[in-house]
Amino acid sequence: MTNNYTIIPGIDAKLKSQIKGLFYLKNNIIMCSKKNKPIIILSELDEIFKKHHNDKNHTGVNTTIKSIETIYATVPVNKLKDYIKNCEVCSLKTTLLKAPTGKAIKSTAVWGQVVMDLIDFSSTPDGEFKLIHFKDHFSKFTYATPLISKQGE
Ligand SMILES: [Zn+2]
């Protein structure tokens, strides 16, 4: 461990000794004494997050923290959470993975659930012509027949 301190002038002796205890310089990099790892400086934050989140297939918060902690002493968790929250790729992924809303229609018997469509061909040159179409949800059987009148008789 090298102990080449550069203490900012003007801070009191007590704080100086506290800082000496917590950090040391190694090749001009501020190191954490407790973990013997470099601390992250603010200007490197985006690059580090990009390397450990974007370049690793957009991992979640916990996996990204573990990845960063293999190199650095601590991770500014709230800043990482904000970074991931604002990640365009992740927000797109979350939207695509969202479960569809509404309940799926379940049918257990043939003709138990029927979808019906009325197709109007009244604007064709052949004149008024309507077609009614049924589809059974269970068997997917489809049936269509022409109609003369839309009104029930
Ligand atoms: Zn992402």
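Just so it is clear, the structure is predicted and the values come from calculations on it, not from any experiment.

Caption draft 1: Representation of the overall build of the protein chain. Scanning the protein chain from terminus to terminus reveals 5 helices and 6 strands. In the protein chain, the order of α-helices and β-strands from amino to carboxyl end is α-β-β-β-α-α-α-α-β-β-β. Burial statistics for the protein chain: of 153 residues in total, 6% are counted as buried. Sequence-distant contacts in the protein chain: of pairs separated by 6 or more residues, those separated by 24 or more amount to 30%.

Caption draft 2: Here's a closer look at the sheet that holds strand β6 (residues 142-147). One open sheet accounts for 3 strands, arranged β4-β5-β6; its pairing is antiparallel. The open sheet has two free edges, formed respectively by β4 (114-120) and β6, since each of these has just one partner strand. Neighbour-to-neighbour, the strand axes of the sheet open up by a mean angle of 20°, direction not taken into account.

Caption draft 3: A look at the nonpolar core. In terms of nonpolar packing, the biggest core is built from 6 residues, these being I40, I48, F49, I68, V75 and Y83. Once you skip the residues sitting within four places of it in the chain, I68 turns out to touch I48, H52 and V75.

Caption draft 4: Structural detail: the packing of helix α3 (residues 61-69) against helix α4 (residues 77-85). Look at α3 against α4: their axes get within 10 Å of each other, and the N-to-C directions meet at 125°. Classified by the angle between their axes, α3 and α4 sit oblique to one another. Crossing geometry of α3 relative to α4 is assigned as right-handed. In this structure, α3 uses V61, T64 and I65 to contact α4, whose residues at the interface are V77, L80, K81 and I84.

Caption draft 5: Spatial organisation of the sheet that holds strand β2 (residues 29-32). Strand order in the open sheet made by the 3 strands is β1-β2-β3, with antiparallel pairing throughout. Sheet topology places β1 (23-26) and β3 (37-38) at the edges, where each strand pairs with a single neighbour. Relative to β2, β1 is paired through 4 bridges, and the arrangement is antiparallel. Its bridge partner lying in β2, F23 is registered against C32.

Calculation notes
- Residues numbered from 1 in each chain as written.
- Predicted model: local features only at pLDDT ≥ 70, side-chain atom pairs only at ≥ 80, totals over all residues.
- Helix = DSSP H or I, 4+ residues; strand = E, 2+ residues; numbered from the N terminus.
- Buried ≥ 20, exposed ≤ 12 C-beta atoms within 10 Å, placed from the backbone.
- Contact = placed C-beta atoms within 7 Å.
- Pairing = 2+ DSSP bridges.
- Axes fitted to C-alpha atoms, helices over the stretch in contact; angles between N-to-C directions.
- Core = buried A, V, L, I, M, F, W, Y, C linked by C-beta atoms within 7 Å.
- Parallel < 35°, antiparallel > 145°, perpendicular 65-115°, else oblique.
- Left-handed = near helix turned anticlockwise from the far one by under 90°.

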